[in-house]
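Residue-level listing of the chains:
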Amino acid sequence: MAQRPFKQVDVFTEVPYLGNPLGVVLDGSGLSTEAMQQFTDWTNLSECTFLLPPTSEGQAAGADYRVRIFCPGRELPFAGHPTLGSCHAWLQAGGQPRAEAHVVQECGVGLVRIQRDGARLAFAAPPLRRSGPLDEADVALIARGLGLAREDIVAHAWCENGPPWRGVMLRTAAQVLAVRPDAGLLAGMDIGLVAPQPDGADTAFEVRAFFHTLQTLSEDPVTGSLNAAVAQWLIGAGLAPPRYLAAQGTAMGRAGRVHIERDAGGTIWVGGASVTCIAGEVSL
């Protein structure tokens, strides 16, 4: 074992302990996949990341660093809050991007661009691996699993950009916040919920995310990958404006804020603030 620099970062918040925590091992060199997974499972966090030098192919393509992303029980090719939190930790530790305009992260889905806007970071939403409407049988099952009537789901789509999110839109934010999912009925499904906020709210949409861990169906406090895919779906379908602010984590006592913006070239940027809550070393 070696002492390795470590940070625990709260993502999608400017206020500590109101976002989504992430463990970042700043030097993952020499660690096996099994060791990374074991440490992630031990932390009981939704994700941990391990920073590495880019591969030769990644470096030739402009990558500044490489990250491996783990959640309990499995490795992920991409995830949003680990992308922003890892970049925050890398920059805070003295990382110097090769390009002035952006940081380039190498991960399982390839290269991901990250831009800086003051203290806020934003990643370019990766292409959807799967899109289009869900099977009607799945929609009916999701409705039952959420304790809803089928007509409460007003729109739905695959939102897969690494994690296989199934996105469903409900009529109201209040419905989203009231949902109590049935883990048995929704076994094997990662579900993203979204609904418009009432007039006068400080955000445009309320979002919740449910995914399976080793034990059961869990709720994620704030989810970058889901918000990225939902933004591609909603903006593309004319269900959301090209720029908006989403709330997530409300049902868990959090106050996550996810900034969405489609630029003139059509790229959707998913951003938020990050704050370091714990800094030190871990033995790995």
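You'll find the structure just up there.
What you see is a predicted model, and the numbers here were worked out from it, not measured in a lab.

1. Description of unusual backbone geometry
At step 1: Positioned with a positive phi, Phe12 is a non-glycine residue whose angle comes to about 70°.
At step 2: As for its position among the elements, Phe12 is in the loop between strand S1 (3-11) and strand S2 (20-25).
At step 3: Relative accessible area serves as the criterion here: at 0%, Phe12 is assigned to the buried category.
At step 4: Not every positive phi belongs to a glycine, and Tyr17 is a case in point at roughly 75°.

2. Structural notes on empty space enclosed by the protein
At step 1: A complete count under the given rule lists one cavity of 30 Å³ or more for this structure.
At step 2: If you add up the space inside the largest cavity, you get close to 130 Å³.
At step 3: What lines the largest cavity is a set of 15 residues, among which Glu47, Leu76, Pro163, Trp165 and Phe211 lie closest to the centre.
At step 4: Those elements that place two or more of their residues in the lining of the largest cavity are strand S5 (74-76) and helix H3 (80-92).
At step 5: Looking at which element gives the most residues to the lining of the largest cavity, the answer is H3, with three residues.
At step 6: Among the residues making up the lining of the largest cavity, the classes are represented as seven nonpolar, four polar and four charged.

3. Re the packing of aromatic side chains
How two aromatic rings sit relative to each other is given by the distance of their centres and the angle of their planes.
At step 1: One pass over the full model with this rule turns up seven aromatic pairs.
At step 2: Among the aromatic residues, ring-to-ring pairing joins Phe6, Phe39, Trp42, Phe50 and Phe70 into one connected group.

4. Let's talk about the nonpolar core
Nonpolar side chains tend toward joint burial in soluble globular proteins.
At step 1: Core analysis: the largest hydrophobic core is formed by 52 residues, its most contacted members being Trp233, Leu234 and Tyr244.
At step 2: No other element matches the eight residues that helix H6 (residues 224-236) contributes to this core.
At step 3: Ranked by size, the runner-up nonpolar core spans 19 residues in total, among them Leu148, Leu170, Val176 and Ile191.

5. What to know about the pattern of salt bridges
Proximity of charged atoms lets side chains of opposite charge pair with each other.
At step 1: As enumerated under the stated definition, the model contains six salt bridges in all.
At step 2: The shortest N-O distance in the salt bridge between Arg68 and Glu75 comes to 2.9 Å.
At step 3: The class of Glu75 is partly exposed, set by a relative accessible area of 36%.
At step 4: Asp202 serves as the salt-bridge partner of Arg257, at 3.8 Å between the closest nitrogen and oxygen. A residue pair is termed long-range when its members are at least 10 positions apart, and Arg257 in strand S15 (residues 256-262) and Asp202 in the loop between strand S11 (190-196) and strand S12 (205-212) qualify at 55 residues.
At step 5: Take Arg257: its relative accessible area is 26%, and that puts it in the partly exposed class.
At step 6: Judged by its relative accessible area of 59%, Asp202 is exposed.

What counts as what
Residues numbered from 1 in each chain as written. Predicted model: local features only at pLDDT ≥ 70, side-chain atom pairs only at ≥ 80, totals over all residues. Heavy atoms only, no water. Helix = DSSP H or I, 4+ residues; strand = E, 2+ residues; numbered from the N terminus. Buried < 20%, exposed > 50% of the residue type's maximum accessible area, 1.4 Å probe, protein only. 1 Å grid on protein atoms, 1.4 Å probe; cavity = no way out; pocket = protein on both sides within 12 Å on 5 of 7 lines; lining within 4 Å. Points joined across faces, edges and corners; volume = space filled by probe spheres on them. Nonpolar A, V, L, I, M, F, W, Y, C, P; charged D, E, K, R; others polar. Phe/Tyr/Trp six-rings, centres within 6.5 Å; stacked < 30°, edge-to-face > 60°. Core = buried A, V, L, I, M, F, W, Y, C linked by side-chain atoms within 4.5 Å. Salt bridge = Lys/Arg side-chain N within 4 Å of Asp/Glu carboxyl O.

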